[in-house]
Amino acid sequence: MSDYSAQDVARCDLCKTAIAQSYCDFCHVNLCKPCIGEHISADYGKHIIVAIHQRKSTLIYPKCETHQNKTCEYQCKDCSSFLCSRCLVSKQHNQEHEFLELEEVFSSKKEQIQNDTKELENQILPVYEDIAYVLEMQIASLDGEYKKLTTEMSKQREEIHREVDNAINQMENKIGEIKVKHHSILQKHLDEIKLLQSLMQQTLLALNEMEESNAVSPTIHYSSKIKEFTKLPPKVNISIPKFIPKQIEREELCILIGKLTPLSTTLEERVFTAKKPNTSDRELLDEPEVLKTIKTGYEQLRHITYLNEEQIWISGETAEIKCFNIQGVLQKTIRTKSGERLRDAAVDRNGALLYSSGKTRTLYKVNNDQKEKIITLRGWKPSQLCVTSSGDLLVTMYNNDRTQSKVVRYAGSTVTQTIQFDEEGQPLYSDNNIIKYISENRNLDICVADCEAGAVVVVNQAGKLRFRYTGPPSPTKKKPFIPYGITTDSQSRILTADRDNHCIHILDTDGQFLCYIGNCDLKDSYGLCVDSNDSLFVCEYNTGNVKKIRYLKYISS
């Protein structure tokens, strides 16, 4: 591929105005046709004029240290020194040594640089990113794991007389010390990983510069560091301490309270395994088709949650959550504990149903038809829910007077992240509407459909704003874009329901509009979800119907 494209118009470096058609590969300047004569008028013989798309194609050989005005086009294989043509015939160099043409050596090294760049970018760096992510998640979940320990100890404490409080407090302090040590060990290894990542980024930058350069000497002396980088650091395995309670007795309470296992740290050797590229993909269909229409009986259908290949949960403007099979047969009905309509529902990784209640400010878990409070908020009311790939729970919420909105991440019942403002301190989400559907993408971006703002707001895993989508560049629909439901598929595409325009917008991972799903006779599209095969389920608010739509096809690469 040419280094020059029509999008990159080069101007003449002499007159500064005309478009350059030529390039001096000796002086490294762009030239228009009228300026070529002026440029080569002095020292005519040294200039190398080539077409603009062939710039930097001439090799820059090193100067010979022995013979003035000569360039070295050979290298001694035995002693690595550069030689000009006069050096070869002057017999000043050992004639028994083997000589190589620098052009061939240069080409070979360039190929190695390109291969190393590709391997570093596509194979090694992604492995380190995965390692860093696992360590970051371990650190983020420490509070939740250690809180479980203190909770178990608190249960034991309730059964023991007040005089054991001091002993319990001593052990809690020890947990805190162990937690700090645990955090320190993980942080140390994370810092080491990030240092190696930084070194690789520096190496990658250097490789890119060398790749663009025609300087022979630094290229010839290039030495690959791929072998060093593929030797992965050992994996840190740390077991969370366990609290082992003992039967309660009145004597020797400090001993009989229980035992706290020490922090256990082991190093497990990692073996580098390059990630295999995907061999299949799913492409958008030109004409999506409705595979099934499920009539739920709801008059105002809002939410849909995928349970498994055979079942979905749905809910609307009532206090009931209903489970239907794919054939449209009602399987189960659950009423909310407060009798109020739920805000949203989700399914955790164990298949348990989660739902939110604005009236009680509480999130509930339903296991075997038993409802359990898992999180109760103060000053805020929960709205929409999303269970992430790591098992965390993302909750959109709003304050009592509806002047603020935010997204909160929970590990168990512990807050591990709050997303509310951008880097300039401005609110990410609108403040006067409680309907903000949420989904996590395969690349761990957090996607929120903010209907009041008329935007899909996407932040990365760290909560930094990536983009806002406010509709396609050239809108073809009559009414303003107001997103309601949102979901993502296996290709990290984002799908959002445009209720007023009776269609679904499909975006790529960078927020670029791809197409509409609008030919499936959709009416008042609202809640969305996709199943494990990337079939799309769409709630129709007024009809109460759920439509199962096929919008992708398999392709092989």
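These lines cover the structure that appears in this document, whether it is placed above or below. (Residues numbered from 1 in each chain as written. Predicted model: local features only at pLDDT ≥ 70, side-chain atom pairs only at ≥ 80, totals over all residues. Heavy atoms only, no water.)

**Examining the packing of helix H3 (residues 102-140) against helix H5 (residues 165-212)**
Link 1 in the chain: Two elements in contact, H3 and H5, have axes separated by 9 Å at closest approach and are oriented at 160°. The orientation of H3 relative to H5 falls into the category roughly antiparallel. Between H3 and H5 lies a crossing of left-handed hand. (Axes fitted to C-alpha atoms, helices over the stretch in contact; angles between N-to-C directions. Helix = DSSP H or I, 4+ residues; strand = E, 2+ residues; numbered from the N terminus. Parallel < 35°, antiparallel > 145°, perpendicular 65-115°, else oblique. Left-handed = near helix turned anticlockwise from the far one by under 90°.)

**Brief notes about the pattern of salt bridges**
If charged atoms from side chains of opposite charge come close, those side chains can pair.
Link 1 in the chain: On inspection of all chains with the given rule, the structure shows 17 salt bridges.
Link 2 in the chain: The closest approach of N and O atoms between Arg 302 and Glu 317, which form a salt bridge, is 2.5 Å. Linking Arg 302 in strand S12 (residues 301-308) with Glu 317 in the loop between strand S13 (311-316) and strand S14 (320-325), this pair joins segments that are 15 residues apart in sequence.
Link 3 in the chain: For Arg 302, a relative accessible area of 10% corresponds to the buried category.
Link 4 in the chain: Given the relative accessible area of 25%, Glu 317 is considered partly exposed. (Salt bridge = Lys/Arg side-chain N within 4 Å of Asp/Glu carboxyl O. Buried < 20%, exposed > 50% of the residue type's maximum accessible area, 1.4 Å probe, protein only.)

**Considerations on the nonpolar core**
Link 1 in the chain: With 34 residues, the main nonpolar core has Leu 120, Ile 124, Tyr 146 and Met 200 as its most contacted residues.
Link 2 in the chain: For this core, the leading source of residues is H5, giving eleven residues. (Core = buried A, V, L, I, M, F, W, Y, C linked by side-chain atoms within 4.5 Å.)

**Comments concerning the pairing of strand S15 (residues 330-335)**
Link 1 in the chain: In this sheet, S15 lies alongside S14 in antiparallel orientation, the contact comprising five bridges. Counted as the bridge partner of Cys 323 is Lys 332 from S15.
Link 2 in the chain: Counted along the chain from S14 to the antiparallel partner S15, the turn is four residues long, and its residue Gly 328 has a positive phi close to 95°. (Pairing = 2+ DSSP bridges.)

**Notes on the sheet that holds strand S19 (residues 370-376)**
Link 1 in the chain: Reading across from one edge, S16-S17-S18-S19 is the order of the four strands in this open sheet, with antiparallel pairing throughout. Lying at the two open borders of the sheet, with one neighbouring strand each, are strand S16 (344-347) and S19. Direction aside, the axes of adjacent strands within the sheet are offset by 25° on average.
Link 2 in the chain: Pairing of strand S17 (residues 353-357) with strand S18 (residues 362-367) involves five bridges; the strand directions are antiparallel. Residue pairing across strands places Ser 356 opposite Leu 363, the latter belonging to S18.

**Some details on the layout of surface pockets**
Link 1 in the chain: What the largest pocket holds in volume is close to 920 Å³.
Link 2 in the chain: Along the walls of the largest pocket sit 35 residues, with Cys 386, Val 387, Ser 439, Thr 487 and Val 530 positioned nearest its centre.
Link 3 in the chain: Listed by contribution, the elements that provide at least two residues to the lining of the largest pocket are S12, S16, strand S20 (380-387), strand S24 (436-440), strand S28 (483-488) and strand S32 (525-530).
Link 4 in the chain: Examining the composition of the lining of the largest pocket, we find that five residues originate from one element, S12, more than from any other.
Link 5 in the chain: A breakdown of the residues in the lining of the largest pocket according to their chemical character gives 14 nonpolar, twelve polar and nine charged. (1 Å grid on protein atoms, 1.4 Å probe; cavity = no way out; pocket = protein on both sides within 12 Å on 5 of 7 lines; lining within 4 Å. Points joined across faces, edges and corners; volume = space filled by probe spheres on them. Nonpolar A, V, L, I, M, F, W, Y, C, P; charged D, E, K, R; others polar.)

Read these as geometric descriptors, not functional statements.
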